Amino acid sequence: MNLSAITLQQLVKELAPHVTRRLIRDAFLTRSNVLYLNLGDIGHLCCSAHPNRSYLQRSEPTDPPQEKQPTWVTHHLTQSGIVSVSHIPNERIIHFTLSRQDRLGKENQYTLICELIGRQANLILVDANTQKILGATRHTRAKADHIREVLPGRIYQSPNPQYGKTFRDLDPTALAQAFEENPTSPSQALQHAILGLDHLTAQELCHRLRCTGPLPAEAYPKLIHQIQAFLTSPPFVEGAVALSNDRNQLSLSPLQVTYTSPNETFDTLNAGITHLLAQETVHSSLKGQITNLEKDLNGKRINNQRKLERMADDLADAGRADEYERLGNLLLANLQHITAGAETITLTDIQSDQQIEVQIPLNPKRSPVDNANEYIKRSKKGRKGAPILQKRIDEPHLQNKEI
């Protein structure tokens, strides 16, 4: 679950009265890059920079992890007060202004920047006066001009700007170009043209404005006016609605949706986030169990395949029982002609009508008699084992079937 810019905008309005002027009694970071700020009787403020689940939420109290915490969390966040919280327009970024008094009575100002931008999600603590980074959940080094550095001691730089223009700066040329580049997906065209527009809001816009594809040039000014009117005063609901996307995954929206029926409604955005997180936790658990089951079944299938191959080889060898008996008897009849240590011997098969020459492999470490007896033994073993092997091969649980 990744929250959109318009969802975060409403979430900040919802959370601000609860968290502003609150003291952070304790702060801790989990291994999955989830930061918990203990705000006392209202629970924890949870900021997640997990690449698959970046979100902000007011959650129930939870026990801190046992591992050692980063210095920037324990020395700067703990015992800080939340002065204000703000959302960066059209971005998935939230700023918390913090104030903390040190032992000498000096007031230190910090900014906790929550960049809830999917796979690049990050939580960064910055000195408000110098803009120097004090700590972050995810450190990055600049490898090219377009990649910023996020390292302690560096000056904080905002993430690279997204494509598109703000809806107030939208012009007919840019909008027409977006529709020409995405002729079959008007919602995607709007996302490319408008900064910070998410998929759900784009779909709602297309439905309300009846956008189905590229328009005549003279129609774009009117469309822009309608888009600006919609995004200036969005039709927010009290709380939030959960909607299914193309992959049957639930997403949260604070808008009144008309293009489809919501899966569920919630009194607050925070309640919706809590519900979706619980569902994702169950889904992840089931997905992990399914993955483990598939891995186990695939391992058993491979083992059975190997068993079948070995038994098929053994069965083919058992089918040579008559041949082994003939070779053993031939050796017994010609013991005097076998040289000790020989690896092969060529003998005339007197039982054959054609009196053919037969080359027989020998074990040089065994005596002539032992070599002959070994062939007789393999013959008896083959006749006895053939029906048993065939029965085992025919067992259903060993059949090589795709799972």
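Higher on the page you've got the structure.
Along every chain, residues carry numbers that run from 1 in the direction the sequence is written. It should be noted that, the model being predicted, local features are given only for residues of pLDDT at least 70 and side-chain atom pairs only at 80 or more, the latter also being counted only at that level, while totals for whole chains, interfaces and linings use all residues. For the side-chain quantities, the full set of heavy atoms in the structure was used; hydrogens and water were omitted.

## What about the overall build of the protein?
Keep this limit in mind: Runs of H or I in DSSP of at least four residues are treated as helices and runs of E of at least two as strands, each being numbered from the N terminus. Atoms counted for the radius of gyration: C-alpha only. Globule rule: 2.2 Å times residue count to the power 0.38. Exposed residues in this analysis have more than 50% of their type's maximum accessible area, buried residues have under 20%, and partly exposed residues fall in between, with area computed by a 1.4 Å probe over protein chains only. By the convention used here, residues are in contact when the closest approach between their heavy atoms is within 4.5 Å. Counting rule applied: Lys, Arg positive; Asp, Glu negative; His and chain ends not counted. Where a charge lies is defined by one atom per residue type, namely NZ (Lys), CZ (Arg), CG (Asp) and CD (Glu).
Of the regular secondary structure elements, the protein holds nine helices and 14 strands. Taking 403 residues into account, the globule formula puts the C-alpha radius of gyration at 22 Å, and the protein, at 37 Å, lies well above it. Split into buried and exposed, the 403 residues of the protein put 41% on the buried side. Pairs at least 24 apart in sequence give 50% of the contacts found in the protein among residues at least 6 apart. Taken as two groups, the 45 positive and 43 negative side-chain charges of the protein have centres that lie 5 Å from each other.

## A few points about the pairing of strand β8 (residues 122-127)
Short version of the rule: We call two strands paired when DSSP finds no fewer than two bridges between them.
Of all six residues that make up β8, six are buried, and the element is covered over most of its length. Covered by surrounding structure in β8 are Asn122, Ile124 and Val126 together with Leu123, Leu125 and Asp127, the residues of both alternating faces. As defined by bridge partners, strand β7 (residues 107-115) adjoins β8 across six bridges and the pair is classed as antiparallel. Paired with Thr111 across the two strands is Val126, which belongs to β8. Between β7 and β8, which pair antiparallel in sequence order, lie six residues; one of them, Gly118, sits at a positive phi of approximately 65°. Bridge analysis of β8 against strand β9 (residues 133-136) gives three bridges, and the strand direction is antiparallel. Bridge pairing links Ile124 to Ala136 in β9.

## Here's the deal with the packing of aromatic side chains
What counts here: Side-chain rings of Phe, Tyr and Trp, where Trp is taken by its six-membered ring, are said to pair if the distance between their centres is within 6.5 Å; with planes under 30 degrees apart they count as stacked, over 60 as edge-to-face, and otherwise as tilted.
Tallying each qualifying case throughout the model produces three aromatic pairs. A ring pair is formed by Phe179 and Tyr220, whose centres lie 5.9 Å apart and whose planes are at 50°; its orientation type is tilted. Here Tyr220 lies in helix α6 (residues 220-232) and Phe179 lies in helix α3 (residues 172-181), a separation of 41 residues in the sequence. Take Phe179 and Tyr220: they sit in the same class, and that class is buried.

## Brief notes about the packing of α3 against α6
For any two helices packed against each other, one specifies the inter-axial angle together with the distance between the axes. What counts here: Lines fitted to the C-alpha atoms define the axes, with helices restricted to the stretch that makes contact. Angles between their N-to-C directions range from 0 to 180 degrees. An angle below 35 degrees is treated as roughly parallel, one above 145 as roughly antiparallel, one from 65 to 115 as roughly perpendicular, and anything else as oblique. Note on residue categories: nonpolar means Ala, Val, Leu, Ile, Met, Phe, Trp, Tyr, Cys or Pro, charged means Asp, Glu, Lys or Arg, and polar means any other residue, Gly included.
The contact between α3 and α6 brings their axes to 9 Å, and the two run at 95°. Classified by the angle between their axes, α3 and α6 sit roughly perpendicular to one another. Mapping the contact onto sequence places Pro172, Leu175, Ala176 and Phe179 in α3 and Tyr220, Pro221, Leu223, Ile224 and Ile227 in α6. Its residues placed into classes, the contact of α3 with α6 shows nine nonpolar, no polar and no charged.

## Considering helix α1 (residues 5-19)
Defined as follows: Expected helix span is taken as 1.5 Å per residue step, with the number of steps being one fewer than the number of residues. Bend at a residue means the angle formed by two fitted axes: the first through the 7 residues ending at that position, the second through the 7 residues beginning there.
Taking 1.5 Å per residue, 15 residues should reach 21 Å; α1 reaches 20 Å between its end C-alpha atoms and fits that length. In the structure, α1 departs most strongly from a straight axis at Lys13, where the bend amounts to approximately 25° and where the proline Pro17 lies between one and four residues downstream. Here α1 has its buried residues at Ala5, Ile6, Thr7, Leu8, Gln10, Leu11, Val12, Leu15, Ala16 and Val19.

## A closer look at the pattern of salt bridges
For the record, the criterion: Between Lys or Arg on one side and Asp or Glu on the other, a salt bridge is scored when a side-chain nitrogen of the former is within 4 Å of a carboxyl oxygen of the latter.
Using the criterion set out here, one finds 12 salt bridges in the structure. Its salt-bridge partner being Glu149, residue Arg154 comes within 2.7 Å of it at the nearest N-O pair. Here Asp171 makes a salt bridge to Lys165, at a shortest N to O gap of 2.4 Å. With a relative accessible area of 36%, Lys165 lands in the partly exposed category. Salt bridges sharing partners connect three or more residues here, namely Asp322, Glu325 and Arg383.

## Overview of unusual backbone geometry
One non-glycine residue, Gln79, lies in the positive phi region at around 70°. Note on placement: Gln79 falls in the loop between α2 (71-77) and β5 (81-87). The class for Gln79 is partly exposed, based on a relative accessible area of 42%. With a phi close to 65°, Asn90 is a non-glycine residue in the positive phi region. Relative to the helices and strands, Asn90 resides in the loop between β5 and β6 (93-101). Classification of Asn90 as partly exposed rests on a relative accessible area of 22%.

## Notes on the nonpolar core
Test applied: Residues belong to a common nonpolar core when they are buried Ala, Val, Leu, Ile, Met, Phe, Trp, Tyr or Cys residues joined through side-chain atoms within 4.5 Å.
Of all hydrophobic cores here, the largest spans 47 residues; its most connected members are Leu35, Leu37, Leu45, Leu56, Leu77, Phe96 and Leu98. When residues in this core are grouped by element, the largest group, six residues, is from α1. Leu98 has contacts with Ile24, Leu77, Ser80, Gly81, Ile82, Val83, Asn108, Gln109, Tyr110, Leu112 and Leu125, leaving out every residue within four places of it along the chain. Counting residues in hydrophobic clusters, the runner-up holds 24 residues, among them Ala202, Leu205, Ile224 and Ile227.

## Observations regarding the sheet that holds β6
Read from one edge to the other, the open sheet built from five strands follows the order β5-β6-β7-β8-β9, with strand pairing classed as antiparallel. The open sheet has two edge strands with one neighbour each: β5 and β9. Averaged over all neighbouring strand pairs, the angle between strand axes comes to 20°, with direction disregarded. Pairing analysis gives six bridges linking β5 to β6, with the strands arranged antiparallel. When the bridges of β6 are listed, Ser84 appears paired with Thr97. Set on the sheet, α1 makes contact with β5 and β6; between it and β5 the angle comes to about 155°.

## Observations regarding the sheet that holds strand β2 (residues 34-38)
Read across the sheet, four strands follow the order β1-β2-β3-β4 without closing on themselves; strand pairing throughout is antiparallel. The open sheet has two free edges, formed respectively by β1 (26-29) and β4 (53-59), since each of these has just one partner strand. Averaged over all pairs of adjacent strands, the angle between strand axes in this sheet comes to 10°, irrespective of strand direction. Both strand β3 (residues 44-50) and β4 contribute to a ladder of seven bridges, which runs antiparallel. Note that in β4 the partner of His50 across the bridge is Arg53.

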